[in-house]
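# Structure at a glance
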Amino acid sequence: AILSECSLKLRSMVDAVKLLRQARRRSSAAATPSPVTPSMRPIESPTLWLRPFPLDGGDELRIWEDPRGTLAGGNGATCWDSALAFAEAVCSRGDDSLAATTDWRGLRVLELGSGCGLVALALACRGAHVVATERAIALPLLAKNVEANAAIVKKSGGTIESAALDWTAPDPRVLGRGYDAIVGADLCFAANAEGAAALARVVGDVLGRGTPFGILAQEIRERDETPATFLADLRRGGMRTHERAVNGASDVLYYELLPRPSLPHEALPAVLPFLPAEALAACSAVAKEWVAPDALWKDRVTREFGCVVASGPWRRRYLDLRESQLLEEAGTYAG
């Protein structure tokens, strides 16, 4: 009888354990989500930060940043120091850099790697007509900021549009529109070293199409040789480069860029009318004759260098960058 009673209790305990295990399995199955592929998983809404950027007259740009990079592939989603310095120079005109002294009204400007769009929007608020370009994956954030500031851009007399541009396979319809300037901010960094060579080709292509000048603001980082390699590629492609420190930003430089003519004498018709008398005196009769037919050199300036060369702050900067070279070239033609 005792053995039978023990057997019954043991069977009851086994049954209880089985029931407990079944309950645990059902609970675990209910808590485990059904398997899905990464593309099926819902994307968490990004947290955007708003950065106000003051303009003249009490206005301000409203720049949305995406620090987590969920809208822009983890890149170009915040305003870096170089973009802030560039936009500040454009808006405040507080120094003698080309960014600050250029009269941007009416100029057609191509920006590469626009990111959040701060520089492009600052230029548009100075009256420029800007094409802001980015990789296709980064366009949603850029488009959001263009839309958020559309009213203030319209009031300022400028225009801005965004377009996709892949430096490794650039769209000729974007590059070939005819620009008065090409700009960018912090386009060269170690993580994008492979893209720097493609960037140099794009910049050279645009300048080679007759764009008068370019300005790139670049943050200089320790042990990052990418900007230097980029400049070397530009120079090998025939571009003139001038480095200038940025006021209030010790780690940022401006790269002011000029196209180099394929032959030295090709630059003389556009520049001779602006040179001082002593420079003209050093030129040969062949070079001097370009000064006489007024309409000829004006047409050359307008066609090859754009209206910004003919007057205003750019004229002074142009002389500063070109005078010493032209004096040397003029000696080649003397006698």
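Residues numbered from 1 in each chain as written. Predicted model: local features only at pLDDT ≥ 70, side-chain atom pairs only at ≥ 80, totals over all residues. Heavy atoms only, no water.

Turning our eyes to something else, we now look at the sheet that holds strand β8 (residues 239-246). Whether parallel or antiparallel, the strands of a sheet pair through hydrogen bonds between backbone atoms. One open sheet holds the seven strands; their spatial order is β5-β4-β3-β6-β7-β9-β8, and the pairing between them is mixed. Here the strands that pair on one side only, and so sit at the sheet edges, are β5 (159-164) and β8. Between one strand axis and the next, the sheet turns through 20° on average, direction left out of account. Strand contacts of helix α2 (residues 81-92): β6 (181-185), β7 (213-219), β8 and β9 (249-259), with the helix running at about 70° to β9, the strand carrying the most contacts. The strands touched by helix α8 (residues 193-208) are β3 (108-112), β6, β7, β8 and β9; relative to β3, the strand with the most contacts, the crossing angle is about 170°. (Pairing = 2+ DSSP bridges. Helix = DSSP H or I, 4+ residues; strand = E, 2+ residues; numbered from the N terminus. Axes fitted to C-alpha atoms, helices over the stretch in contact; angles between N-to-C directions. Contact = heavy atoms within 4.5 Å.)

Bringing the packing of α8 against helix α9 (residues 226-236) into the picture now. Running from N to C, α8 and α9 point in directions that differ by 35°, and their axes come no closer than 9 Å. Here α8 and α9 pass one another in a crossing that is right-handed. When α8 is examined against α9, the residues Ala193, Ala196, Ala197, Leu199, Ala200, Val203 and Gly204 are found in contact with a partner set consisting of Thr226, Phe230, Asp233 and Leu234. Here the contact of α8 with α9 is composed, by residue class, of eight nonpolar, two polar and one charged. (Left-handed = near helix turned anticlockwise from the far one by under 90°. Nonpolar A, V, L, I, M, F, W, Y, C, P; charged D, E, K, R; others polar.)

Attention now goes to the pairing of strand β4 (residues 129-134). Of all six residues in β4, five are buried, a share of seventy percent or more. Alignment of β3 against β4, held across four bridges, turns out to be parallel. Of the residues in β4, the one forming a bridge with Leu110 is Val131. The β-α-β motif built from β3, the intervening helix α4 (residues 118-124) and the parallel element β4 has right-handed crossover chirality. Across six bridges, the pairing between β4 and β5 is parallel. Residue pairing in the sheet places His129 in a bridge with Thr159 of β5. (Buried < 20%, exposed > 50% of the residue type's maximum accessible area, 1.4 Å probe, protein only. Right-handed = clockwise from strand over helix to strand, strands pointing away.)

Take it as geometry only, folks, not as evidence of what the structure does.
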